[in-house]
Amino acid sequence: MTEINKTVSEKLKKLKTEKREVKWKRLSQTQLIATGFLFIILIGTFLLMLPISSREGEVTSFFDAMFTAVSASCVTGLIVVDTYTHWSTFGQIVILMMIQIGGLGFMTIGILFSIIIRRKISLRERGLMQESVNTLKIGGIIKLTKKIIKGTFLLEGTGALILGIRFSMEKDFGFLRGFYYGIFHSISAFCNAGFDLFGYQGQYSSIVNYSGDIIVNLTIMILIITGGIGFVVWDDITKHKLNFKKYMLHTKIVLVTTGILIFGGAFLFYLLEKDNTFAEMGVIETILSSLFSSVTARTAGFNSVDTASLTEASKLLTIVLMFIGGSPGSTAGGIKTTTIVVILLFFWSSMRHTYGCNVFGRRLQHDSIIKANAVFSTNLFIAVSAALFIVAMQSTLPLTDILFEVFSAIGTVGMSTGITRALETPAKIIIIFLMFCGRIGSLSFALSFNQKRKIAPVQQPAENVNIG
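### Examining a nonpolar patch on the surface
Taken together, the side chains of Phe-267, Leu-268, Tyr-270, Leu-271 and Leu-272 present a nonpolar region at the surface, about 440 Å² in accessible area. Structurally, the position occupied by Tyr-270 is in helix H12 (residues 249-273).

Following this line, the structure appears as structure tokens:
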């Protein structure tokens, strides 16, 4: 009887395991990635609630810990408590780890460990990795992953070394603190997270006190840009070096659009702020602040000038740049550079009544146009709906500041005019939802169109409607 009971027990356990595996297999790639991020957020929340995570040795409230965990893992940068004054070194390291995992994607980290222990990587895992980095094909995904990991640590390491040397020169810093600051801000910049440790100079001050520092500004800007152009673009550049003609259409669009947004945005910021926040700055500081304002608005979250002091026109420009964001398959958020280019090309083609959208001697596929419009419409609808709810709940807050906060959250930017701490709990929950959607939603929503669609054998009769 004992042997029979053992056999039955083992079979029941096996059936339960198989059922769990079937449930996991039924989840789509998007659902698995979302579940992975939720798991990271929950672990981060628990760790940040521990007394050892706060500077005062007290338990941080569940809501503040969760808000910080979501912001870090979704590489946003919006905060309800100052990172330096509230969190201990342990808490800061927890935040940094979530930023790194959130920036690279947990699938990249998972595959890294699989490579280290030489475990065979399944086709499903390769598919998840393909969606995580937003590449067009599954072939060579492991080779690309290795390049991503090597490139990330090389760039972050170089940035950490430069910033570490610079910060070590600060009064009362020393070697260890200087390099700790270098590592933290290098990872935060490359992952487009926007978390900083300069609260000792004044809470929520970001790098305002370094607005004229060439080394700090240029290093952080380069890290933001390289992290935001996308891993696929890296791969293309390493293969074809500086031969622009051999680049994929995707790479060409990303590089050209990124350049236009950076320098065009910097020029507009200069025009709008030369008599305001830039009024008392020298030439070098003005150039750096103009460029930094343009670069950081596209999902980085740092600020070298007081965001709350910007003119209304500059705030609107920042909102536009935050909504566009970085490029697909990168550490950045937003609707992405390729999305806005496809929409503009479609608009131009429609205005000229020409067939197809052509750019760089190539015609865009119709599916790309549908995806771009879907991503644009979905993000805009969610952002406007969220702003409407927050305005209804807290009508005393300025509408511009609420719109700024909402687009900063869904674009995973992290810039704020200072109202994050003033938001009530329901409004903060909306911001948490937006940050999560911004990290998961637009990329996954766009790629979900690649899945096979079932066409009904019998379709409804077609009929035109008047448009416009």
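### Quick word on the side chain of Glu-405
As for its placement among the helices and strands, Glu-405 is situated in helix H17 (residues 399-410). One buried charged side chain, Glu-405, makes no salt bridge at all; its nearest oppositely charged neighbour is Arg-421, positioned 6.9 Å away.

### Comments concerning H17
In a regular helix each residue adds 1.5 Å, so 12 residues correspond to 16 Å; H17 covers 17 Å between its end C-alpha atoms and thus fits that length. The buried fraction of H17 amounts to 9 of the 12 residues, a majority that puts the element mostly inside the structure. Of the positions making up H17, those classed as buried are Asp-401, Ile-402, Phe-404, Glu-405, Val-406, Phe-407, Ser-408, Ala-409 and Ile-410. Trailing H17 by a residue or two, Thr-412 shows a phi angle of about 50 degrees, which is positive.

### A closer look at empty space enclosed by the protein
Scanning the entire structure with this criterion turns up 5 cavities of 30 Å³ or more. Volume-wise, the second largest cavity comes out at about 80 Å³. Together, Asn-192, Ile-224, Ile-225, Gly-228, Ile-229, Thr-258, Val-295, Arg-298, Gly-325, Gly-326 and Ser-327 line the second largest cavity.

### Details of the nonpolar core
Judged by nonpolar contacts, the single largest core of 106 residues is most densely connected at Ile-99, Ile-220 and Ile-431. Sorting elements by how many residues they give to this core places helix H18 (residues 425-447) first, with 8 residues. Those residues within four positions of Ile-220 in sequence are excluded, and the remaining contacts are Leu-163, Ala-189, Ile-207, Phe-292 and Phe-302.

### A look at the confidence of the model for the protein chain
Note that predicted coordinates carrying low pLDDT should not be read in detail. Across the protein chain, the average pLDDT comes to 84, with 81% of residues at 70 or higher. Considering only residues more than four positions removed or in separate chains, one finds that residues 18-24, a stretch of pLDDT under 50, has 3 contacts.

What counts, and where the lines are drawn
Residues numbered from 1 in each chain as written. Predicted model: local features only at pLDDT ≥ 70, side-chain atom pairs only at ≥ 80, totals over all residues. Heavy atoms only, no water. Patch = residues over 30% accessible without salt bridge, like charges linked within 9 Å, V, L, I, M, F, W, Y side chains within 5 Å. Areas by Shrake-Rupley, 256 points an atom, 1.4 Å probe, with all protein chains shown as cover. Salt bridge = Lys/Arg side-chain N within 4 Å of Asp/Glu carboxyl O. Helix = DSSP H or I, 4+ residues; strand = E, 2+ residues; numbered from the N terminus. Buried < 20%, exposed > 50% of the residue type's maximum accessible area, 1.4 Å probe, protein only. Lys, Arg positive; Asp, Glu negative; His and termini not counted. Expected span 1.5 Å × (residues − 1). 1 Å grid on protein atoms, 1.4 Å probe; cavity = no way out; pocket = protein on both sides within 12 Å on 5 of 7 lines; lining within 4 Å. Points joined across faces, edges and corners; volume = space filled by probe spheres on them. Core = buried A, V, L, I, M, F, W, Y, C linked by side-chain atoms within 4.5 Å. Contact = heavy atoms within 4.5 Å. pLDDT = per-residue confidence, 0-100.

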